[in-house]
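Understanding the architecture of this molecule
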Amino acid sequence: MLDRLTDLLADLLGAAPLLVANAPDASEWHPGLEVVRDLIPGAGALGGIHAALSGAAPARVLCVAWDLPFLTAPLLSALVEGSPSFDAFLPESGGPRGMEPLCAVYGPACIPAIARRAAAGDHRAIAFHDDVRVGTLPLARVRTFGDPAHLFFNVNTPEDVERADRAWQPPG
């Protein structure tokens, strides 16, 4: 999964992506990727977004969770293209949260907003959204790139790996 996303992002962005990970062996997962560790320990995905932004400052960052194996270049391109007027630009997902914060574009204004929310103990991945300009890629547009349940399928368990393997269909 990491190899596929690394290739997808490198092709899309024209440069190798950053890998945000706290595991001691993260630098061995994909040699050549710069590894950035959380600056806000224990903040989960919110800390990962903060670390990605801090590692690329001052720049906008396309953040994707490396365990989302079915993201596509057209979807990610639409996010990048739609993001310039916002501090955070996320796709609507049709899922329980209504949007996918781990497949989004974030700007530098999010760094202090995230730090404030984390310091207050709010570690939700969307905790800082009230403090920045947020835009969304409408669900109808997301659906033009595929089924949101498939695009944003998240691999967390061995069973999820098996489901992803069964669902994977190489491009072609």
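Attention in this report is confined to the structure presented alongside it.

Analysis parameters
Residues numbered from 1 in each chain as written. Predicted model: local features only at pLDDT ≥ 70, side-chain atom pairs only at ≥ 80, totals over all residues. Heavy atoms only, no water. Core = buried A, V, L, I, M, F, W, Y, C linked by side-chain atoms within 4.5 Å. Buried < 20%, exposed > 50% of the residue type's maximum accessible area, 1.4 Å probe, protein only. Helix = DSSP H or I, 4+ residues; strand = E, 2+ residues; numbered from the N terminus. Contact = heavy atoms within 4.5 Å. Pairing = 2+ DSSP bridges. Axes fitted to C-alpha atoms, helices over the stretch in contact; angles between N-to-C directions. Parallel < 35°, antiparallel > 145°, perpendicular 65-115°, else oblique. Left-handed = near helix turned anticlockwise from the far one by under 90°. Nonpolar A, V, L, I, M, F, W, Y, C, P; charged D, E, K, R; others polar.

**Comments concerning the nonpolar core**
Core analysis: the biggest nonpolar cluster contains 20 residues, and Leu53, Tyr106, Cys110, Ile114 and Phe128 have the highest contact counts within it. Among the secondary structure elements, those contributing two or more residues to this core are α2 (44-56), β3 (61-64), β4 (88-91), β5 (103-106) and α4 (110-119). Those residues in contact with Cys110 that sit more than four places away from it in its chain are Leu53, Asp87, Ala88, Phe128 and Val132. Listed in part, the 19 residues of the second largest apolar core include Leu9, Leu79, Phe89 and Leu137.

**Some details on the environment of Leu90**
Within the element layout of this structure, Leu90 appears in strand β4. Among the residues examined, Leu90 registers a relative accessible area of 0% and is labelled buried. Expressed as a C-alpha distance, the spacing of Leu90 and Gly14, which sit 76 residues apart in the sequence, is 21 Å. Apart from residues no more than four positions distant in its own chain, Leu90 is found in contact with Leu79, Met99, Glu100, Pro101, Ala104, Tyr106, His129, Val134, Gly135, Thr136 and Leu137.

**Overview of the sheet that holds β4**
On the basis of which strands lie adjacent, the open sheet formed by four strands has the order β3-β5-β4-β6 and mixed pairing. With one partner strand each, in any of the chains shown, β3 and β6 (134-137) form the two edges of the open sheet. Between one strand axis and the next, the sheet turns by 20 degrees as a mean value, whatever way the strands run. With four bridges connecting them, β4 and β6 associate as parallel partners. Bridging from a neighbouring strand, Phe89 pairs with Gly135 of β6. Set on the sheet, helix α3 (residues 73-82) makes contact with β3, β4, β5 and β6; between it and β5 the angle comes to about 25 degrees.

**Some remarks on the packing of helix α1 (residues 2-13) against α3**
The geometry of α1 relative to α3 is characterised by a closest axis approach of 10 Å and an angle of 45 degrees between their N-to-C directions. Considering their axes alone, α1 and α3 lie oblique with respect to each other. Viewed along their axes, α1 and α3 form a crossing whose handedness is right-handed. Where α1 abuts α3, its residues Leu8, Leu9 and Leu12 lie against Ala73, Leu76 and Ser77. Classifying every residue of the contact of α1 with α3 gives five nonpolar, one polar and no charged.

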